[in-house]
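Observations on chain architecture
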Amino acid sequence: MIEGAWDKARFDAAVLRALRGVTKLAAHQKKRAKPLPHSKVVLTIKIGLDLNATYKVLLWTTMLVILFYGCGRAAEVTDADRPKYRNPNKHMLRVLCDRSVIGLKVFLPYQKASPLYAGSYSYFVEADTGPDAFRLIDRYLQVRDHLFGPGGTLF
């Protein structure tokens, strides 16, 4: 009799759901990338400021600087790998990137942290980033505007 009760309890739907949940929780956890140290960002900025740097190097280093100092996520400035997930409304526009003497103002149309995914402005000042970051951004904007004109997407 005890054996029959045990089998009944063991195969109860609630017990099976609990076992399945424990199995999922105990599964191998994904490894997260380590945070990017500031020293690596400074080195990357120097690579981007090299006069022989190509447009792709300038593009990548500028994206990195904006993401790092703006505490952004890669998905906020890049496109999805699969075409069916690409959304042109999430692209940063060049006309919404304003460089002034004080700093840089960039509108991110998609930010995971913003309520209702409404987007928000990110502000950068030289005191936070250092002069080299702004020299890199200025150089990128100059090369980008020369190649593609003042309209279109920022990246």
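For the structure itself, consult the block above.
Our subject in this report is the structure included herewith. Everything quoted here is computed from the prediction, not taken from an experiment. Along each chain, residues carry numbers from 1 onward, in the same order as the chain's sequence is written. Per-residue local features are limited, in this predicted model, to residues with pLDDT of at least 70; the limit for side-chain atom pairs, both in listing and counting, is 80 or more; totals at the level of whole chains, interfaces and linings are taken over all residues. Heavy atoms throughout the structure, all of them, feed into the side-chain values; hydrogens and water do not.

A look at helix α3 (residues 38-48)
We apply this condition: For the exposure calls, accessible area comes from a 1.4 Å probe over protein chains only, and a residue counts as buried if that area is under 20% of its type's maximum, exposed if over 50%, partly exposed in between. Numbering of helices and strands runs from the N terminus, with a helix taken as a DSSP run of H or I at least four residues long and a strand as a DSSP run of E at least two residues long. In this description, the arc belongs to the directions extending from the helix axis to the C-beta atoms. Only heavy atoms enter the contact rule, under which two residues are in contact if any of them lie within 4.5 Å.
Taken as a whole, α3 has its buried residues at V41, T44, I45 and G48. Looking straight down α3, one finds its buried side chains confined to an arc of 105°; they lie on one side. In α3, the exposed positions that point more than 90 degrees away from the buried face belong to S39 and K46. Residues of α3 that are buried in the fold lie against α4 (55-69) and α6 (131-148).

Here's the deal with the environment of L104
When you line up the elements, L104 lands in strand β2 (residues 103-108). With 20 residues separating them along the chain, L104 and F124 place their C-alpha atoms 5.1 Å apart. Not counting the four nearest positions on each side in its chain, L104 is found in contact with I66, C97, D98, R99, S122, Y123, F124, F134 and I137.

Digging into the packing of aromatic side chains
Definition in use: By convention, a stacked pair of Phe, Tyr or Trp rings (six-membered ring in the case of Trp) has centres within 6.5 Å and planes under 30 degrees apart, an edge-to-face pair has planes over 60 apart, and any other such pair is tilted. Sitting over a ring, as applied to charges here, requires NZ of Lys or CZ of Arg to be within 6 Å of the ring centre and within 35 degrees of the ring normal.
Applying the stated rule across the entire model yields 5 aromatic pairs. Measuring from centroid to centroid gives 5.8 Å for Y140 and F155, while their planes differ by 35°, and the two rings are tilted. With Y140 in helix α6 and F155 in the segment after α6, this residue pair connects regions lying 15 residues apart in the sequence. For Y140, a relative accessible area of 1% corresponds to the buried category. Given a relative accessible area of 22%, F155 falls into the partly exposed group. Connected via pairs of aromatic rings, a cluster forms that spans Y55, Y140, F148 and F155. Sitting over the ring of Y121, K105 keeps its end group 4.9 Å from the ring centre.

A closer look at the packing of α3 against α4
Short version of the rule: Orientation is described by axes fitted as lines to C-alpha atoms, over the contacting stretch for helices, and by angles from 0 to 180 degrees between their N-to-C directions. Oblique is the label for any angle not under 35 degrees, not over 145, and not in the 65 to 115 range, which are roughly parallel, roughly antiparallel and roughly perpendicular in turn. With the far helix as reference, a near helix turned anticlockwise by less than a right angle produces a left-handed crossing, and one turned clockwise produces a right-handed crossing.
In the contact formed by α3 and α4, the axes pass within 9 Å of each other and the chain directions differ by 150°. The pairing of α3 with α4 is recorded here as roughly antiparallel in orientation. When the axes of α3 and α4 are compared, the crossing they make is left-handed. Where α3 approaches α4, its residues H38, V41, T44, I45, I47 and G48 are matched on the opposing element by V57, L58, W60, T61, L64, V65, F68 and Y69.

Structural notes on the sheet that holds strand β3 (residues 120-125)
In plain terms, the rule: At least two DSSP bridges between two strands are required for those strands to pair.
Across the sheet, 3 strands lie side by side as β1-β2-β3; this open sheet has antiparallel pairing. The open sheet has two edge strands, β1 (97-99) and β3, and neither has a second partner. Sheet twist, expressed as the mean angle between neighbouring strand axes with direction ignored, is 10°. Along the sheet face, α6 touches β1, β2 and β3 and points at about 120° away from the line of β1.

Examining empty space enclosed by the protein
This is how it is decided: In the cavity and pocket records, a cavity denotes points on a 1 Å grid over the protein atoms alone where a 1.4 Å probe fits but cannot get out, a pocket denotes an open set with protein on both sides within 12 Å along at least 5 of 7 lines, and lining residues are residues with an atom within 4 Å of a point. Grid points are joined across faces, edges and corners, and a volume is the space filled by probe spheres set on the points.
Within this structure, the stated rule accounts for 2 cavities of 30 Å³ or more. By volume, the second largest cavity is sized at about 40 Å³. Every residue lining the second largest cavity is listed: T62, I66, C97, L104, I137, Y140, L141, L154 and F155. For the lining of the second largest cavity, the secondary structure elements donating two or more residues are α4 and α6.

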